[in-house]
Amino acid sequence: MASGSHRKCRFVCHAPIFIGSCWLVNCVLPSFSIKMGKNALSRLSGFRMNSYTLSLLLLSDLHFSQNDSSDIALNRATKIAEAICSASIGSSIVILISGDVANRGGMVEYQTAIDFITRLREAIEEIAGASVGNVLIAPGNHDVLDPNEKSLEDRSDDVYKLELNKLSNFYTFAREFGCWKNDKVKDEHVIEYLVGGKAHHATFLLLNSAPFSTKTEDKGCHKFPAVVLSKINKQYDDDPLFEITHHSPEWLEDETRIPFERALQKSTDILFYGHEHRGNSYSLTNNRSEQELHVILAGTLSLSNEHESNFKLININLNDTNAYKYTETKYFWDSTNYQYVQEIGNNAVSGRLKTSTLSPSKWFLDAIEKNENNDSDFYRYYYAFPRLRDLSSVSTENDKLRVRQEKELHSFDGVLDEIQSGARCLGFKGQSGSGKTSLVNYLYLNLIRKGYSPLILRPDNSSGSITQTVKSLIQMQYGDSYEIRDEYEGLPQDKKILLIDDLNLIKRKKSLANTLAEMLKAFGTVVFTA
């Protein structure tokens, strides 16, 4: 990071606070010295700190038939690599195929697919200069061998198992690329990536919507077993979950569709599906939680010059907060010039990773993310975490703080370790303009990603009553319904953290120690600046 003028800020952590004969807080808590560089210089140089680009090549509805020429398939694979070689992609790319690899589920068709994918991987490495980390494949209705003539009325579990057997050729094919080795309905893959030297995990969940396919109309006939739907959740609370399936929810029977949509809204960050051959991607917002589900539609990759043929390149930029951005670029086949051409413009979308706990409202997070220059990317890419000097053995005497030992913290994880180790109260003390508010905002955004439900208390939002203040903060930051307030108050205490921006200016009727003691009755940890 470019160097510049530095500000120093001294932070003080409190543990323990002594009231009468009672140790209210008994933990080792830190104090700090902040060294802040000029983040503007990082922006001018185009440098983004702590971010990672996950590149996805999205293909669907290839419909390889036994009459397709293997040479044409190999050539199309090369053309795809040539088309994306000038695009901005990460060092590694994941190939996603959202169903209908074959036309009739025959092994001759799948052999063409194996040759195509093998050549595609080689061409991407040779021409685009990126390695292919994984090939993830979901089955579609055309991957079913001998589909039903018409919709089956009996869709019991026993019949469902028979339907899965019709995909035997698909499973044999997919296992060539490490997919569907142990499960025929749900196949999970975890890809590790690094942000700022720290390991994160992107989870890709393949779902099999192919059973109960017919040769005619089968909308509303497909299903997922209830046990599968119950397992759609995040294994890594602070990292992305992507789901890939062939059919959109509207193709599922109602008994499956409704719980599937609920599971998607609760846990899934992006859903990829095919089958439609065309259509615009979109986002769905939960009216209650304001959490969004982003839906990306795949196209169709026909080998024929007479039919539409297209694919998409998705670049997802992940960072060390719960916010992310992705761009969606579409390529279509130009039969005149015999090449794939990028469609003018691309679809750029911002989102936030979902967590298992209650999340603040979208508008409040939007406000927190912006710095004094109204820059919403500041905390995502350019904020430099300060060097924090940890002061231990802190107590209160005459309502003032006393500190003896010191150590240093260098990252958010250091602060998180203190919280997870049982720290109840952390205090940061610094001069005006030293960056205390920015640090509080950064901690807030990162605590959300780690599965906490924090509140920020600023002087303008305080009142003499702690109880009334907390209620108003929940309403302002999470929503104004009684249900949300009850849900927040019912969260485990250790998941609730109060961040106080400038404790000295907070309205209070009691002493510092007694005020903090009352706050700690409702929160697992209180973090404040002064």
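Structure: see above.
These figures come from a predicted structure and were not determined experimentally.

Q: I'd like a description of the pairing of strand S3 (residues 51-59), backed by residues and values.
A: Counted residue by residue, S3 has 7 buried out of 9 residues, so it is predominantly covered. For S3 and strand S12 (residues 310-319), the ladder comprises 8 bridges, and the chain directions are antiparallel. The residue of S12 that forms the bridge with Ser 51 is Asn 319. Bridge count for S3 against strand S4 (residues 92-98) is 5 bridges, and the pairing is parallel. Of the residues in S4, the one forming a bridge with Leu 59 is Ile 97.

Q: Mind laying out the packing of aromatic side chains, listing which residues take part and the relevant values?
A: Enumeration according to the criterion identifies 21 aromatic pairs in this entry. A network of ring pairs unites the aromatic residues Tyr 110, Phe 170, Tyr 171, Phe 173, Phe 177 and Trp 180 as a single cluster. For Lys 219, the ring lying beneath its charged end belongs to Trp 251, and the centroid distance is 4.8 Å. When the ring centre of Tyr 452 is taken as reference, the NZ or CZ atom of Lys 495 above it lies at 4.9 Å.

Q: Which residues make up the pattern of salt bridges, and what are the values?
A: Going through the model one piece at a time under the given rule, you end up with 20 salt bridges. Between Glu 149 and Lys 215 there is a salt bridge, with its nearest N and O atoms 2.9 Å apart. On the criterion of sequence distance, the pair formed by Glu 149 in the loop between strand S5 (131-138) and helix H4 (157-165) and Lys 215 in the loop between strand S7 (198-207) and helix H6 (226-229) is long-range, its members being 66 residues apart. Given the relative accessible area of 56%, Glu 149 is considered exposed. Residue Arg 352 is joined to Glu 369 by a salt bridge in which the shortest nitrogen-to-oxygen separation is 3.0 Å. Residue Arg 352 is found in strand S15 (residues 347-352), and its partner Glu 369 is found in helix H8 (residues 362-369); the two are separated by 17 residues along the sequence. Classification of Arg 352 by relative accessible area gives buried; the value is 17%. When its relative accessible area of 2% is taken as the criterion, Glu 369 is described as buried.

Q: Kindly report on the nonpolar core, identifying the contributing residues and their values.
A: Counting residues in hydrophobic clusters, the biggest one holds 94 residues, and the most contacted among them are Phe 116, Ile 124 and Phe 173. Here this core gets 9 residues from one element, more than from any other, and that element is helix H3 (residues 107-128). Contacts of Phe 116, omitting those with residues within four sequence positions, involve Leu 59, Leu 62, Phe 64, Ala 73, Leu 74, Arg 76, Ala 77, Ile 80 and Leu 301. Of all hydrophobic cores here, the second largest spans 53 residues; its members include Tyr 381, Tyr 444, Val 470 and Ile 484.

Q: Would you mind going over the packing of helix H10 (residues 412-420) against helix H11 (residues 436-449) in detail, with residue names and values included?
A: The N-to-C vectors of H10 and H11 enclose an angle of 70 degrees; their axes lie 11 Å apart at closest approach. With respect to H11, the axis of H10 lies roughly perpendicular. In this structure, the crossing between H10 and H11 has a hand that is right-handed. For the pair H10 and H11, the contacting residues are Phe 412, Val 415, Leu 416 and Ile 419 in the first and Tyr 442, Leu 443, Asn 446 and Leu 447 in the second. Across the contact of H10 with H11, the residue classes break down as 7 nonpolar, 1 polar and no charged.

Criteria and thresholds
- Numbering of residues starts from 1 in each chain and follows the order in which that chain's sequence is written.
- With the structure being a predicted model, the display of local features is reserved for residues of pLDDT at least 70 and the display and counting of side-chain atom pairs for 80 or more, all residues being used for whole-chain, interface and lining totals.
- Side-chain numbers come from the whole structure's heavy atoms, not from hydrogens or water.
- Three labels apply to residues, based on accessible area from a 1.4 Å probe with only protein chains included: buried if under 20% of the type maximum, exposed if over 50%, partly exposed otherwise in between.
- Strands here mean DSSP runs of E at least two residues long; helices mean DSSP runs of H or I at least four residues long; both are numbered from the N terminus.
- For two strands to be treated as a pair, DSSP must find no fewer than two bridges joining them.
- For Phe, Tyr and Trp, where Trp contributes only its six-membered ring, two rings pair if their centres lie within 6.5 Å, and the inter-plane angle classes them as stacked under 30 degrees, edge-to-face over 60, or tilted in between.
- The criterion is that NZ of a Lys, or CZ of an Arg, lies within 6 Å of the ring centre and within 35 degrees of the ring normal, and then a charge sits over that ring.
- A carboxyl oxygen of Asp or Glu within 4 Å of a side-chain nitrogen of Lys or Arg is what we treat as a salt bridge.
- We call a set of buried residues a nonpolar core when its members are Ala, Val, Leu, Ile, Met, Phe, Trp, Tyr or Cys and they connect through side-chain atoms within 4.5 Å of each other.
- Contact between two residues is taken to exist if any of their heavy atoms lie within 4.5 Å; hydrogens are not considered.
- All axes are obtained by fitting lines to C-alpha atoms, using only the stretch in contact for helices, and the reported angles, taken between N-to-C directions, cover 0 to 180 degrees.
- An angle below 35 degrees is treated as roughly parallel, one above 145 as roughly antiparallel, one from 65 to 115 as roughly perpendicular, and anything else as oblique.
- It is the rotation of the near helix from the far one that decides the hand of a crossing: anticlockwise by less than a right angle makes it left-handed, clockwise makes it right-handed.
- Think of it as three bins: nonpolar holds Ala, Val, Leu, Ile, Met, Phe, Trp, Tyr, Cys and Pro, charged holds Asp, Glu, Lys and Arg, and polar takes everything else, Gly as well.

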